[in-house]
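# Breakdown of the fold
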Amino acid sequence: MSMLEAAHENDIELEGACEGSLACSTCHVIITDDDYYGKLPEPSDEENDMLDLAFGLTETSRLGCQVIAKPELDGLRMALPAATRNFAVDGHVPKPH
């Protein structure tokens, strides 16, 4: 189970506009403990691309849909950024190349 799924099951307001398909950054979370951050696998290139669009990016930012619950992460604490960027509803209009 991902942290995005866990948040939704527990009525925590973590957006997840793309429903975990790695197509947005609205489930951006900040891992608050460097030791736990170090236990996570490295983010994929696709996750890094989406994180580049995230509001309030930090060194320990991850997408909640990509953080999978495992026994070694028991006790993991995360913070939610003050805002998210959801281009689908925020009025972003892509410009042609």
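Our subject is the structure that appears above.
Worth saying up front: this structure is predicted, and the values here are computed from it rather than measured.

Take the overall build of the chain next. The number of helices and strands found in the chain is 3 helices and 3 strands. Burial status across the chain gives 35% buried among its 97 residues. A fraction of 70% describes how many contacts in the chain between residues 6 or more apart in sequence connect residues 24 or more apart. About 6400 Å² of surface is accessible on the chain, with carbon and sulfur atoms providing 50% of the total.

Following the sequence through the fold, Ser-25 ends up in the loop between helix 1 (3–9) and strand 1 (28–31). When near neighbours in sequence (up to four residues on either side) are disregarded, Ser-25 contacts Met-50, Leu-53, Ala-54, Leu-63 and Arg-85.

With that settled, the discussion passes to the environment of Leu-22. Examined against the element boundaries, Leu-22 turns out to sit in the loop between helix 1 and strand 1. Placed 25 residues apart in sequence, Leu-22 and Glu-47 show a C-alpha to C-alpha distance of 6.6 Å.

Further remarks concern the environment of Ser-44. Mapped onto the fold, Ser-44 is located in the loop between helix 2 (34–37) and helix 3 (45–51). When the C-alpha atoms of Ser-44 and Gln-66 are compared, they prove to be 9.2 Å apart, with 22 residues separating the residues in sequence.

About the criteria used
For every chain, the first residue of the written sequence is number 1, and numbering continues from 1 along that sequence. With pLDDT at 70 or above as the cut-off, local features in this predicted model cover only qualifying residues; side-chain atom pairs require 80 or more to be listed or tallied, and sums for whole chains, interfaces and linings still use all residues. No hydrogens and no water enter the side-chain calculation; it runs on all heavy atoms of the structure. Secondary structure follows DSSP: runs of H or I at least 4 residues long count as helices, runs of E at least 2 residues long count as strands, and numbering of each begins at the N terminus. Only protein chains enter the accessibility calculation, which uses a 1.4 Å probe; a residue is then buried when its area is under 20% of its type maximum, exposed when over 50%, and partly exposed in between. Contacts are assigned to residue pairs with any non-hydrogen atoms lying within 4.5 Å of each other. The accessible surface values rely on the Shrake-Rupley method and a 1.4 Å probe; as for residues, cover is taken only from the protein chains in view.

Purely geometric numbers; function is a separate question.
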